[in-house]
Amino acid sequence: MSDSQVTPDLRRWIAEQSAVGHKPETLLASMLASGWSAPAAEQALDEVLRGRPLAVDQTTGLPAPVPVPDLSAGAGAQVLATMLNPRVVVLGSMLSHDECDELVALARPKLARSETLELTTGSNAVHEARTSHGMFFAREENPLCARIERRIADWFGWPLENGEGLQVLHYGPGAEYKPHYDYFDPAQPGTAPVLRRGGQRVASLVMYLNTPTRGGGTVFPDVHFEVAPVKGNAVFFSYDRAHPATRSLHGGSPVIEGEKWVATKWLRERRFE
Ligand code: PD2
Ligand code: ZN
């Protein structure tokens, strides 16, 4: 069966049934009963479910939790605030001011209007919820990225290879990133191919590369918490399941005056290819 024969409706059905706890063999039996050939049904299931955490926590009905990074070694880390639920750690002096300036200088010539990944279609698109400009570095693209990535891996006890490349974002006055989750919604048909590159995102680190004159905080609306953007500081948060129960909803508040630069690092469950 070619990719195009797995229709969006079929993908959604498989994803939804799986998310509520039905095992692949149950889905296979239903598909066979409704006239699918065994090879086609098996391939469709494999395509949609590979890389997806299937387990469901029997007591809560939520997706079962997965291991996540946390500040483990953290030698040299200056912890300014922590929260347990959602898991949030605010760090002082994650980057030196020279590192911040150098990242901005490397990123500035490559900025383009930020896009969001549309999981309904699997493609990227400009969206009014995200009015920043940004760019991605490849992992270890240059010595500065490699040094920062090594620090993140050491501090959070998570393999460097499980990280996406650093993303640098620039927000001008009025620009914002409305509240969202960083994990990929398991119920969306575009999620399966994204998960194949390293599983779910399990944690985010937003590093502030400058201090905006006013506005531009990172907000966690479920717990009414806001992190002030201060040059060199960072906010880390993790989510052990792709579910709002993690309370990891967060956004970048509008910049009221001045500009805002951040570098974002996302950590995946497995090696990110
Ligand atoms: O720039 C931010 O503060 C911010 C807020 C929420 C960045 C992201 N999310 C992100 O890059 O995912
Ligand atoms: Zn985010």
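Shown above is the structure to which this text applies.
To keep things clear, this report deals only with the structure shown in the data block. (Residues numbered from 1 in each chain as written. Chains lettered and ligands numbered in written order. Predicted model: local features only at pLDDT ≥ 70, side-chain atom pairs only at ≥ 80, totals over all residues. Heavy atoms only, no water.)

## Some details on the overall build of the chain
1) Next: A count of helices and strands for the chain gives six helices and 16 strands.
2) Next: In terms of overall size, the chain behaves like a compact globule, its C-alpha atoms giving a radius of gyration of 20 Å where 273 residues would be expected to give roughly 19 Å.
3) Next: On the principal axes, the C-alpha backbone points of the chain span a range of 60 × 35 × 35 Å.
4) Next: Looking at the chain as a whole, 48% of its 273 residues qualify as buried. (Helix = DSSP H or I, 4+ residues; strand = E, 2+ residues; numbered from the N terminus. Rg over C-alpha atoms; globule rule 2.2 N^0.38 Å. Buried < 20%, exposed > 50% of the residue type's maximum accessible area, 1.4 Å probe, protein only.)

## Focus on the environment of Thr59
1) Next: By the secondary structure assignment, Thr59 is in the loop between helix H3 (38-49) and strand S1 (78-83).
2) Next: Since its relative accessible area comes to 75%, Thr59 is described here as exposed.
3) Next: In this structure, the C-alpha to C-alpha distance between Thr59 and Ala234, residues 175 residues apart in sequence, is 35 Å.

## Comments concerning the coordination of the zinc ion (ligand 2)
1) Next: Surrounding the zinc ion (ligand 2) are the protein donor atoms His180 (NE2), Asp182 (OD) and His250 (NE2), at 2.0 to 2.2 Å.
2) Next: Here the donor residues for the zinc ion (ligand 2) map to a single chain with the spacing H-x1-D-x67-H. With His180 in strand S8 (residues 177-180) and His250 in strand S14 (residues 250-252), this pair connects stretches of sequence that are 70 residues apart.
3) Next: By relative accessible area, which is 14% here, His180 ends up buried. (Donors = N, O, S within 2.8 Å, 3.2 Å for Na, K, Ca; no water.)

## Points about empty space enclosed by the protein
1) Next: What the rule picks out here adds up to two cavities of 30 Å³ or more.
2) Next: Computed from the structure, the largest cavity encloses a volume of approximately 140 Å³.
3) Next: Lining the largest cavity are 17 residues, with Tyr171, Tyr177, Val206, His250 and Thr264 positioned closest to its centre.
4) Next: Sorting the residues of the lining of the largest cavity by element identifies strand S7 (167-171), S8, S14 and strand S16 (260-268) as the ones contributing at least two each. (1 Å grid on protein atoms, 1.4 Å probe; cavity = no way out; pocket = protein on both sides within 12 Å on 5 of 7 lines; lining within 4 Å. Points joined across faces, edges and corners; volume = space filled by probe spheres on them.)

## A word on the sheet that holds strand S12 (residues 225-227)
1) Next: Pairing in this open sheet of four strands is antiparallel, and the strands run S8-S14-S11-S12 from one edge to the other. Here the strands that pair on one side only, and so sit at the sheet edges, are S8 and S12. Neighbour-to-neighbour, the strand axes of this sheet turn through a mean angle of 15 degrees, independent of strand direction.
2) Next: Here strand S11 (residues 218-220) runs beside S14; their pairing, made up of two bridges, is antiparallel. Opposite Val219, over in S14, you have Gly251 as the bridge partner. (Pairing = 2+ DSSP bridges. Axes fitted to C-alpha atoms, helices over the stretch in contact; angles between N-to-C directions.)

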